[in-house]
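Here's the letter readout for the chains.
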Amino acid sequence: MNEQNALPAHIAVIMDGNGRWASRRLLPRTAGHAAGLKRFAEITELCADMGVKYFTVYAFSTENINRSAEEVNGLFSLASKAIDTYVEKLMRKNIRAKVIGDLSMVDASLAERIRRAEERLSACTGMTLCIAFCYGGRHELARAVNSALAAGEREFDDGTLGRYLYTAGIPDPDLLIRTGGEKRLSNFLLYQCAYSELYFCDTLWPDFDRTALEAALEEYSKRKRKFGR
Ligand code: FPP
């Protein structure tokens, strides 16, 4: 186990600040999400190039469904467009993609397109991009308990639930970044972030560039990880 890591194997990001980025430019919130998507694609590629093994992003939470219909539909149509725009690019970069969340919240045709995109990228052997979409940490935990009970588990130890989470088989995040100035987890990876290093910055997600990522990595490299010891 590395005490002072040069590079996190797994980076997770709460991409916050799209709405404020847009309103500062007198643009609709959906324009902020579109800018956020571009940034997400760029940072994904950067992480893969740096040698990060797992990159997880919070793209849409179970709570986000309560935003205005216009914003929710805008995000769903952005997700659909992202599949058209980025699946080939991800394939060329050998990036595997996994979507975690409750896809029963979106219409069946979008859910099917997401599953097909995942399937097409499943043979890639480079970085794993994990997209939390219609995801909530408490929902994931409740689902995991139900799955574990259905599988006949009766005794739970520290590792039992992890095997029933969406993220089974994926190591826990080493570094969790939240942009946009808020300092909370917002129901993201509640189980998996038990020992993650937390990094908060004021930069709004659409402005989070290579320099901002490098600042987060620099800070991470100075942290002494103790894992409770
Ligand atoms: C939080 O910022 C961000 C989101 C709810 C959406 C994140 C989505 C993207 C970055 C685009 C990629 C998305 C898909 C669907 C592939 P906020 O809007 O809450 O920001 P605010 O706090 O400034 O209002």
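Structure's up top.
Every one of the 17 residues lining the ligand counts as a neighbour, but Asp16, Arg20, Arg29, His33 and Arg67 are closest to it. Contact distances for the ligand include 3.2 Å between an oxygen atom and a backbone N or O atom of Gly17. For the ligand, an oxygen atom lies 2.7 Å from a polar atom in the backbone of Arg20. Put simply, the parts of the chain that give the shell around the ligand at least two residues each are helix H1 (18–24), helix H2 (29–50) and helix H3 (69–92). With four residues, the top contributor of residues to the shell around the ligand is H2. Split by residue class, the shell around the ligand holds seven nonpolar, six polar and four charged.

Core analysis: the biggest nonpolar cluster contains 51 residues, and Phe40, Phe55, Phe133 and Ile177 have the highest contact counts within it. Per-element accounting of this core gives the leading share, ten residues, to H3. With near-sequence residues (within four places) excluded, Phe40 lies in contact with Met15, Phe55, Val57, Leu129, Ile131 and Trp205. If you look at the next biggest cluster of nonpolar residues, it comprises 13 residues, including Ile14, Cys130, Tyr135 and Ile170.

This next bit is on the packing of aromatic side chains. Inspection of every chain in the model, using the stated rule, returns nine aromatic pairs. With a centroid separation of 5.8 Å and an interplanar angle of 45 degrees, the aromatic rings of Phe60 and Phe133 are classed as tilted. Note that Phe60 is positioned in strand S2 (residues 54–61) and Phe133 in strand S4 (residues 128–135), a separation of 73 residues in sequence. The class for Phe133 is buried, based on a relative accessible area of 5%. A centroid spacing of 5.3 Å and a plane angle of 20 degrees characterise the contact between Trp205 and Phe208, whose relative ring orientation is stacked. Both residues of the pair, Trp205 and Phe208, count as buried. Of the aromatic side chains, those joined through ring pairs into one cluster are Tyr58, Tyr135, Tyr166 and Phe188.

Attention now goes to the packing of H2 against H3. For the pair H2 and H3, the least separation of the axes is 10 Å and the interaxial angle reads 25 degrees. In terms of axis orientation, H2 runs roughly parallel to H3. Between H2 and H3 lies a crossing of right-handed hand. Of the residues in H3, those touching H2 at Arg29, Thr30, His33, Ala34, Leu37, Lys38, Ala41 and Thr44 are Glu70, Glu71, Gly74, Leu75, Leu78, Ala82, Tyr86 and Leu90.

For Leu26, which is not a glycine, the phi torsion comes out positive at approximately 55 degrees. In this structure, Leu26 sits in the loop between H1 and H2. Take Leu26: its relative accessible area is 79%, and that puts it in the exposed class.

Every other side chain in a regular strand lies on the same face of the sheet, so the side chains alternate between the two faces. Pairing of strand S3 (residues 96–100) with S4, which is carried by five bridges, proceeds in the parallel orientation. Across the sheet, residue Arg96 finds its bridge partner in S4, namely Thr128. Following the chain from S3 across helix H4 (residues 108–121) to the adjacent parallel S4, one finds a crossover that is left-handed.

Time to look at the layout of surface pockets. If you add up the space inside the largest pocket, you get close to 990 Å³. Residue assignment for the lining of the largest pocket shows that the elements contributing at least two residues are H1, H2, S2, H3, S3, H4 and S4. Class assignment for the residues of the lining of the largest pocket results in 26 nonpolar, nine polar and ten charged.

Rules and cut-offs
- Residues numbered from 1 in each chain as written.
- Predicted model: local features only at pLDDT ≥ 70, side-chain atom pairs only at ≥ 80, totals over all residues.
- Heavy atoms only, no water.
- Near = heavy atom within 4 Å.
- Polar contact = N/O pair within 3.5 Å; in protein donor to acceptor, adjacent residues only side chain to side chain.
- Helix = DSSP H or I, 4+ residues; strand = E, 2+ residues; numbered from the N terminus.
- Nonpolar A, V, L, I, M, F, W, Y, C, P; charged D, E, K, R; others polar.
- Core = buried A, V, L, I, M, F, W, Y, C linked by side-chain atoms within 4.5 Å.
- Buried < 20%, exposed > 50% of the residue type's maximum accessible area, 1.4 Å probe, protein only.
- Contact = heavy atoms within 4.5 Å.
- Phe/Tyr/Trp six-rings, centres within 6.5 Å; stacked < 30°, edge-to-face > 60°.
- Axes fitted to C-alpha atoms, helices over the stretch in contact; angles between N-to-C directions.
- Parallel < 35°, antiparallel > 145°, perpendicular 65-115°, else oblique.
- Left-handed = near helix turned anticlockwise from the far one by under 90°.
- Pairing = 2+ DSSP bridges.
- Right-handed = clockwise from strand over helix to strand, strands pointing away.
- 1 Å grid on protein atoms, 1.4 Å probe; cavity = no way out; pocket = protein on both sides within 12 Å on 5 of 7 lines; lining within 4 Å.
- Points joined across faces, edges and corners; volume = space filled by probe spheres on them.

This is a description of form; function is not addressed.
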